[in-house]
Amino acid sequence: MRSSTENIYQEKVNQVIDYISANLHQPLQLDVIAGRICVSRRQLLRIMRSALDESLYAYMARQRMERAIMYMQTEEMTLAELAARVGYDNPQSFSKAFRKLFGISPKAYINGLNARLQEYVKSSGGKYETVPSEICEEEDLNLIYIRIVGQYGEEKPYETAWNKLIKFLEEKQALSAATRFIGLSFDDPNVTTAGQCRFYACATVDKPVEAAGVFGTLRLRKGKYAVYTLKGSYSSLQEFYNNISVSFNHTIRHGMPFEEYIHYTGTDSEAALTKIYIPIK
């Protein structure tokens, strides 16, 4: 595939994935999605099958169910409310789709997941038994990103992606002392198969930057966050998240959690400093 054609292909894939992620509460009609990237419905299905290694139908259904699990972990709501949050007209259709994917009911799944998380926390030996947080207000953050799909924290793909992002910013003269390095984890590895976890390596930009090819743009909207600070090895991030999940005592709002690498070492180092931002009301 020629470079210009590959860039166009990557841009279309980015647009579709970001649109789906932002509109899981909607019907997500294929004709509408295809129109947004100026291809036929058939072309859309072919492009996304190649990019996702699963059908677009399967991807959208999985994203709805995994988003529903996130809501179940953080909010008390009826099955009807939960179904509506992820684009289903009625709780019966939602429950049927959930059982088709996971083999059990939503209630049985979340009870099992919570039990596993409690066990993870116990097995950590109380290292993060009490996870303190600060409350802060963040303004809009304009981001340039590059996507990684695979096991969270896998060293080589992450190193390659961050290096590409920094090189891109340097070429665009968009790298400065004020640049913040942000990580967006779209999936929970306790729920999503390791090879399907999506991570965006991001950097803030304070001027318009035209993204192309593998690079995309996102805006994190301003709002209130509970902020947790992890000092030390990146390999502890999942354990840290598990403890946050178990002890979380805020009301979550619709928004994107993110990580900020305050002291990024480039290696799995005890000198690393990472802040985790959870959107709250």
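Residues numbered from 1 in each chain as written. Predicted model: local features only at pLDDT ≥ 70, side-chain atom pairs only at ≥ 80, totals over all residues. Heavy atoms only, no water.

J.: What is the right way to look at the packing of aromatic side chains in this model?
T.: The relative placement of two aromatic rings is captured by the distance of their centres and the angle of their planes. Across all of its chains, the model carries 15 aromatic pairs by this definition. Seen in terms of ring centroids, Phe186 and Tyr200 are 4.4 Å apart; in terms of plane orientation they differ by 50 degrees. Their pairing is tilted. Residue Phe186 is found in the loop between strand 3 (181–185) and strand 4 (198–204), and its partner Tyr200 is found in strand 4; the two are separated by 14 residues along the sequence. Between Phe258 and Tyr277, the aromatic rings sit 4.3 Å apart at their centres with planes inclined by 10 degrees, giving stacked as the arrangement. In this pair, Phe258 is assigned in strand 7 (residues 258–263) and Tyr277 in strand 8 (residues 273–279), connecting sequence segments 19 residues apart. For Phe258, a relative accessible area of 2% puts it in the buried group. (Phe/Tyr/Trp six-rings, centres within 6.5 Å; stacked < 30°, edge-to-face > 60°. Helix = DSSP H or I, 4+ residues; strand = E, 2+ residues; numbered from the N terminus. Buried < 20%, exposed > 50% of the residue type's maximum accessible area, 1.4 Å probe, protein only.)

J.: What am I meant to see in the state of the cysteines here?
T.: Each disulfide consists of one covalent bond between the sulfur atoms belonging to two cysteines. For the coordinates displayed, the defined rule picks out 0 disulfides. Cys202 provides the cysteine sulfur closest to Cys197, a residue in no disulfide bond, and the two sulfurs are 16 Å apart. (Disulfide = S-S within 2.5 Å.)

J.: How should unusual backbone geometry be read in this particular structure?
T.: As a rule of thumb, non-glycine residues mostly have phi less than zero, and peptide bonds are mostly trans rather than cis. The backbone of Leu28 sits at a positive phi, close to 55 degrees, despite the residue not being glycine. Relative to the elements of secondary structure, Leu28 occurs in the loop between helix 1 (3–22) and helix 2 (30–36). A residue is classified by how much of its surface remains accessible, and Leu28, at 8% relative accessible area, is buried. At Cys38, a position not held by glycine, the phi torsion is positive, near 60 degrees. Structurally, Cys38 can be placed in the loop between helix 2 and helix 3 (41–52).

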